[in-house]
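Residues per chain are reported as follows:
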Amino acid sequence: MRKYSNIRQIFNYLIIFISVLLCLLLLPARLPGMELLGIHPNWLLIWVVAWSVKRTSFEGAIAGLILGLIQDGMTGADPTHIFGLMLVGIITSQLQKEKYIKEDFISISLIVFGMVFLTETITAIQYMLQGLRSVGNIWFHFQKVALASAILSSLWAPVLYYPLNIWWSKLDKFKKGSFRYD
Amino acid sequence: MRRWWQKHGLPIVLTGLVIILAWFLRQSDGALISEIYALVSRPFQVEITLEQRLTNAKIAELETKVTELEKQNQQLKKLAGHIEQQKEPMITAPIIGRSADYWWNQVLIGRGSQDGVKKGDVVTGVGGLVGRIIDVTPHSSRVLLISDPQSRVGSSVTRSRHLGYITGQGSQIVVMSFFEKVPDVKVGDTITTSSVSPLYPPGIPIGKVKTLALENGPAPEVMIELTVPLNYLEWVTIQAFEPKDVIEDQINNKNNDS
């Protein structure tokens, strides 16, 4: 039983790696149907939400930190993506889903919708503190980006969340089951 | 202690490793990801259609004419005692990706250091100036578009030769701020890169003046519509360019920032 659990663990790391890589590769791509006003879904944010839903705040924050670092590398580090994504990880894991929200597609889409607004606001604030752009320009851009990205991201969120969630709940079941045999 | 380590050791070590990897990716400007992306997107790169072929042929014809005129111009300048260095060959590159975040205006192109692209090279497209190379990997490079708010381009009005600089607004419209208090500029004037610009060679078309806002303080401003359709470009041309020495340090600093 132990042997199988190791294989499952390695398989799990592989799935995590491949899904993150897929999200990263989707970022620069502009595929038909994934674009609105030249804006595309925020795949990394969707991934962080999917990851943090059933995990602790610490795990959520670490995921946000790692993906934030990578996204900084792909665009620019000033303003940084780290704060936004870490906060998304922390808040998503803190949401009391049993009480208020059921774990289905719609609630995940709703969380993603809210989180996009949160991260875009953080980016906009960083731009304002930086002072290179005029406030009017930032505000105009913020409205466009936040709304379009929130709509697109929440619509595409289940595509990523559904398979990952199935795998992780299966893994959870196996883990709980295997404790009996250990 | 040992049991604790047995339970949590592996996740801690792995998390540490992943953070180090992520930091490395950040410091290398995501070079690994750009490379993988360039590799994966290679089969999907668009073929040139007949219409584009004809347009390209027309452009090639005009380019030949321009080269011919430049040659003549150079010879005349030589006669007049003016020395200018020979232009280096151009590289054509497909646009394979857009910026990974919509607050930035960048594109990813499918040519890199193996094809002779260097940091600081100038990128043009059908219609004029597109931007400059800020990051190079072996098979791809990243272009900072002139529409990016962090981009500054020294520019001049072709008609009156009045100087200023252009700042991106994240869209097809850019803002030109003038150095003079009362610049001679009208709606419809064409704008090109200026001869004092340290980052771009002089004379590349940028756009046309759309609206005037001369009473804007601290410097008079005009809105300029870019002639390059940035959102629809599929191919660009890369022109080797050495940024002028004086502010090379500044460029490097800026690249580190952006």
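Residues numbered from 1 in each chain as written. Chains lettered and ligands numbered in written order. Predicted model: local features only at pLDDT ≥ 70, side-chain atom pairs only at ≥ 80, totals over all residues. Heavy atoms only, no water.

### Brief notes about the overall build of chain A
Thought 1: In terms of regular secondary structure, chain A is built from 6 helices and 0 strands.
Thought 2: Going from N to C terminus, chain A has its helices and strands arranged as α-α-α-α-α-α.
Thought 3: Relative to its 182 residues, chain A shows a buried fraction of 53%.
Thought 4: Considering only intrachain contacts with a sequence separation of at least 6, the fraction spanning at least 24 residues in chain A is 72%. (Helix = DSSP H or I, 4+ residues; strand = E, 2+ residues; numbered from the N terminus. Buried < 20%, exposed > 50% of the residue type's maximum accessible area, 1.4 Å probe, protein only. Contact = heavy atoms within 4.5 Å.)

### Describing the sheet that holds strand 10 (residues 205-213) of chain B
Residue and element names in this part refer to chain B.
Thought 1: Ordered in space as 6-7-8-11-10-9, the 6 strands form a closed barrel in which the pairing is antiparallel. Pairs of neighbouring strands in the sheet enclose a mean axial angle of 40°, with direction left out of account.
Thought 2: Bridge count for strand 6 (residues 152-157) against strand 9 (residues 190-193) is 3 bridges, and the pairing is antiparallel. Bridged to S156 within strand 9 is T192. (Pairing = 2+ DSSP bridges. Axes fitted to C-alpha atoms, helices over the stretch in contact; angles between N-to-C directions.)

### A closer look at unusual backbone geometry
Residues and elements named next belong to chain B.
Thought 1: Although it is not a glycine, R161 adopts a positive phi angle of roughly 65°.
Thought 2: Along the polypeptide, R161 turns up in the loop between strand 6 and strand 7 (163-167).
Thought 3: On the basis of relative accessible area, R161 is assigned to the exposed category, the value being 56%.

### Some words on the interface of chain A and chain B
Thought 1: Opposite the 39 residues of chain A that make contact, chain B presents 33 residues.
Thought 2: Taking both sides of the interface into account, the surface hidden between chain A and chain B amounts to around 3200 Å²; carbon and sulfur atoms contribute 66%.
Thought 3: It is L25, L69 and T75 of chain A that lose the most area in chain A upon contact with chain B, and together they represent 18% of the buried surface on that side.
Thought 4: At the boundary of chain A with chain B, the tally comes to 1 salt bridge.
Thought 5: Salt-bridge contacts for R26 of chain B lead to D72 of chain A; the nearest nitrogen and oxygen are separated by 3.9 Å.
Thought 6: Taken together, the links from chain A to chain B amount to 3 residue pairs in polar contact (both at pLDDT 80 or more).
Thought 7: Elements that contribute at least two residues to the side of chain A that touches chain B include exactly helix 1 (2-26), helix 3 (57-74), helix 5 (105-130) and helix 6 (135-181) of chain A.
Thought 8: In terms of residues, the side of chain A that touches chain B owes the most to one element, helix 3 of chain A, which gives 9 residues. (Buried area = accessible area lost by both parts, 1.4 Å probe. Salt bridge = Lys/Arg side-chain N within 4 Å of Asp/Glu carboxyl O. Polar contact = N/O pair within 3.5 Å; in protein donor to acceptor, adjacent residues only side chain to side chain.)

### Quick word on the packing of aromatic side chains
Residue and element names in this part refer to chain A.
Thought 1: Under the definition given, this model contains 8 aromatic pairs over all chains.
Thought 2: Between the aromatic rings of F11 and W167, the centroid separation amounts to 5.3 Å while the plane-to-plane angle is 80°, which identifies the pairing as edge-to-face. Note that F11 is positioned in helix 1 and W167 in helix 6, a separation of 156 residues in sequence.
Thought 3: The exposure class assigned to F11 is partly exposed, which follows from its relative accessible area of 43%.
Thought 4: We classify W167 as buried; its relative accessible area is 15%.
Thought 5: One aromatic cluster is present, formed by W47, W51 and W168 through successive ring pairs. (Phe/Tyr/Trp six-rings, centres within 6.5 Å; stacked < 30°, edge-to-face > 60°.)

### A few points about the pairing of strand 6 of chain B
Residue and element names in this part refer to chain B.
Thought 1: For strand 6, a buried count of 5 out of 6 residues is recorded, marking the element as mostly surrounded by other parts of the structure.
Thought 2: Relative to strand 7, strand 6 runs antiparallel, the two sharing 5 bridges. Note that in strand 7 the partner of S156 across the bridge is L163.
Thought 3: The turn joining strand 6 and strand 7, which pair antiparallel and follow one another in sequence, is formed by 5 residues; a positive phi near 65° is taken by R161.

### Quick look at the nonpolar core
Thought 1: Membership of the largest hydrophobic core comes to 50 residues, with the highest contact counts inside it found for W47 and I70 of chain A.
Thought 2: Secondary structure elements with two or more residues in this core: helix 1, helix 2 (43-52), helix 3, helix 4 (82-94), helix 5 and helix 6 of chain A together with helix 1 (2-27) and helix 2 (31-41) of chain B.
Thought 3: Considering each element in turn, this core owes the most residues, 9 residues, to helix 2 of chain A.
Thought 4: When residues of this core are sorted by domain, at least three fall in each of domain 1 (2-43) and domain 3 (90-258) of chain B.
Thought 5: Aside from chain neighbours lying at most four places away, what touches W47 of chain A is I16, S19, V20, C23, A63, L67, L160, L164 and W168 of chain A.
Thought 6: By size, the runner-up hydrophobic cluster in this structure holds 36 residues, among which are I109, V143, V185 and L230 of chain B. (Core = buried A, V, L, I, M, F, W, Y, C linked by side-chain atoms within 4.5 Å. Domains from an automatic or database assignment.)

### What to know about the packing of helix 4 of chain A against helix 5 of chain A
Residues and elements named next belong to chain A.
Thought 1: Direction vectors running N to C along helix 4 and helix 5 enclose 145°, while the axes themselves pass 9 Å from each other. The hand of the helix 4/helix 5 crossing is right-handed. Residues F83, G84, L85, L87, V88, I91 and T92 of helix 4 lie in contact with helix 5, whose contacting residues are I111, M115, L118, T119, I122 and Q126.
Thought 2: Its residues placed into classes, the contact of helix 4 with helix 5 shows 9 nonpolar, 4 polar and no charged. (Left-handed = near helix turned anticlockwise from the far one by under 90°. Nonpolar A, V, L, I, M, F, W, Y, C, P; charged D, E, K, R; others polar.)

### Some remarks on the packing of helix 2 of chain A against helix 4 of chain A
Residues and elements named next belong to chain A.
Thought 1: Taken N-terminus to C-terminus, the directions of helix 2 and helix 4 make an angle of 30°; their axes are 8 Å apart at the nearest point. One finds that helix 2 runs roughly parallel with respect to helix 4. As for the relative orientation of helix 2 and helix 4, their crossing is right-handed in sense. Contacts between helix 2 and helix 4 involve L45, V48, V49 and S52 from the former and L85, V88, G89, T92 and S93 from the latter.
Thought 2: For the contact of helix 2 with helix 4, the class distribution of residues is 5 nonpolar, 4 polar and no charged. (Parallel < 35°, antiparallel > 145°, perpendicular 65-115°, else oblique.)

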